[in-house]
Structures are given as C-alpha cells and as structure tokens.
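# Per-entry structural report
One letter stands for each residue in the lines below.
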Amino acid sequence: MDWKLEVVLVPVADVDRARDFYVDRLGFVLDHDVTPAPGTRFVQLTPPGSACSIVIGTGMPQSPPGSLKGLQLVVDDIEAARDALLARGFDPGTPVVMSPRDGGTFLYFSDLDGNGWAVQQYRGG
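Remember, it's a predicted structure, so these values are computed and weren't measured experimentally.

### Side note on the environment of D14
Note that D14 resides in the loop between β1 (7-9) and α1 (15-25). Residues D14 and P65, spaced 51 residues apart in sequence, show a C-alpha to C-alpha distance of 9.0 Å. Polar contacts involving the side chain of D14 include one to the main-chain amide nitrogen of R17, which spans 2.8 Å.

### Topic: helix α2 (residues 78-87)
Three- or four-residue spacings in an α-helix give side chains the same orientation, since the helix completes a turn every 3.6 residues. Within α2, the full set of buried residues consists of I78, A81, R82 and L85. Buried residues along α2 cover an arc of 100° about the axis, so they all sit on one side. Along its buried surface, α2 packs onto α1, β5 (71-75), β7 (104-110) and β8 (116-121). Of the residues trailing α2, G89 is marked for its positive phi of about 85°.

### Details of the packing of aromatic side chains
Considering all chains together, one arrives at eight aromatic pairs under this definition. Measuring from ring centre to ring centre gives 5.3 Å for Y22 and F28, while their planes differ by 45°; the resulting arrangement is tilted. You'll find Y22 and F28 in the same group, each marked buried. A centroid spacing of 5.5 Å and a plane angle of 10° characterise the contact between F106 and Y108, whose relative ring orientation is stacked. Here F106 falls in the buried class, since its relative accessible area comes to 12%. Through successive ring pairs, a cluster of aromatic residues spans F21, Y22, F28, F90, F109 and W117.

### Some thoughts on the pairing of strand β4 (residues 53-58)
Buried residues dominate β4, accounting for five of its six residues. In this structure, β1 lies alongside β4, joined through three bridges in parallel fashion. Note on β4: the bridge partner recorded for V8 is I54. Hairpin connection from strand β3 (residues 40-46) to β4: six residues lie between these consecutive antiparallel strands, with G49 at a positive phi of about 80°.

### Digging into the nonpolar core
Judged by nonpolar contacts, the single largest core of 22 residues is most densely connected at Y22, L26, F28, I56 and W117. For this core, the secondary-structure elements that each account for two or more residues are α1, β3, β4, β5, α2, β7 and β8. If one sorts the elements of this core by residue count, α1 sits on top with four residues. Non-local contacts of F28, meaning those with residues more than four positions away in its chain, are made with Y22, V23, L45, T46, P47, P48, I54, L73 and W117.

Reading the values: the criteria
Positions within a chain are numbered from 1, following the residues in the order the chain's sequence is written. Where local features are concerned, this predicted model is filtered to residues with pLDDT of at least 70; where side-chain atom pairs are given and counted, the filter is 80 or more; whole-chain, interface and lining totals use all residues. Side-chain measures were taken over the full set of non-hydrogen atoms in the model, leaving aside hydrogen atoms and water. Going along the chain from the N terminus, every DSSP run of H or I of four or more residues is numbered as a helix, and every run of E of two or more is numbered as a strand. Two N or O atoms form a polar contact when they lie within 3.5 Å of each other; inside protein one atom must be a possible hydrogen donor and the other a possible acceptor, and for residues adjacent in sequence the pair counts only when both atoms belong to side chains. Three exposure classes are used, based on accessible area relative to the maximum for each residue type with a 1.4 Å probe and protein chains only: buried under 20%, partly exposed in between, and exposed over 50%. Throughout, the arc means that of the directions going from the helix axis to the C-beta atoms. A contact between two residues is defined here by any heavy atoms of the two lying within 4.5 Å. We call Phe, Tyr and Trp rings a pair once their centres come within 6.5 Å, taking the six-membered ring for Trp, and we label the pair stacked below 30 degrees between planes, edge-to-face above 60, and tilted otherwise. For two strands to be treated as a pair, DSSP must find no fewer than two bridges joining them. In plain words, nonpolar cores are sets of buried Ala, Val, Leu, Ile, Met, Phe, Trp, Tyr and Cys residues tied together by side-chain atoms within 4.5 Å.

As far as function goes, none of this settles anything; it's purely spatial.
Now the structure itself:
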C-alpha cells in the first residue's frame, strides 16, 4: 500500500494575498479556488512538477498564520531556480552551501505571513 503525502495546509492571514504571492512570485499552479460551503474557502496550489500541493483557505482547522516552518522544495539547479524567482520579482536571497562534500545547497525564505520555506539542490552521490 502506498501512502502519499499530497496536500499540506499552509496557514495564512489573507487568502487572496497569499494566493497571488504563490502564483505570481513563486510560480505555483492554481489548481482550485472554491467555496464549498458558506465560510469555507479552499485554494489548492501546486509547485511546478510536484506531486504534493499546498492548501490555503478559511473555515478549516489550522495553526496561526506564519507558524509552519520547514517546507522544502527540491530542484536540480539552485541557480536556475533562483533566477526564475528573481524573474518573477521575488528575491529569495543568496544560495547557502551546507555541505561542500555532498553539494547540498539551499535558498531560505518566508512567505508573506512568515511560513518558512527552503529550496534545496542536492548533488550527493
């Protein structure tokens, strides 16, 4: 039996602002933006090429906005990923080499609410 992680709830203060940030600045795909019941809004966004999506919204049990830390995206080329973010008007900072031995390199940033993200390039062998 496969157990696949497919959705992570990301707590945000303003759903529209967060949706626009993830789509316009990070390049996530907007999969759904629905209101299935009064007071409930479900916005699903997927990073390009990912099998796992994030959900932001209202009317769902969630932690305080900005409290999620340690979300990690993995890429083949950290410099190309950084360049793509810069082209979208978002500066994720300078890549940090964590281990010269295995080539683990990271970009660290937060979304508009303070949820913590990392982009990792791993070239270990």
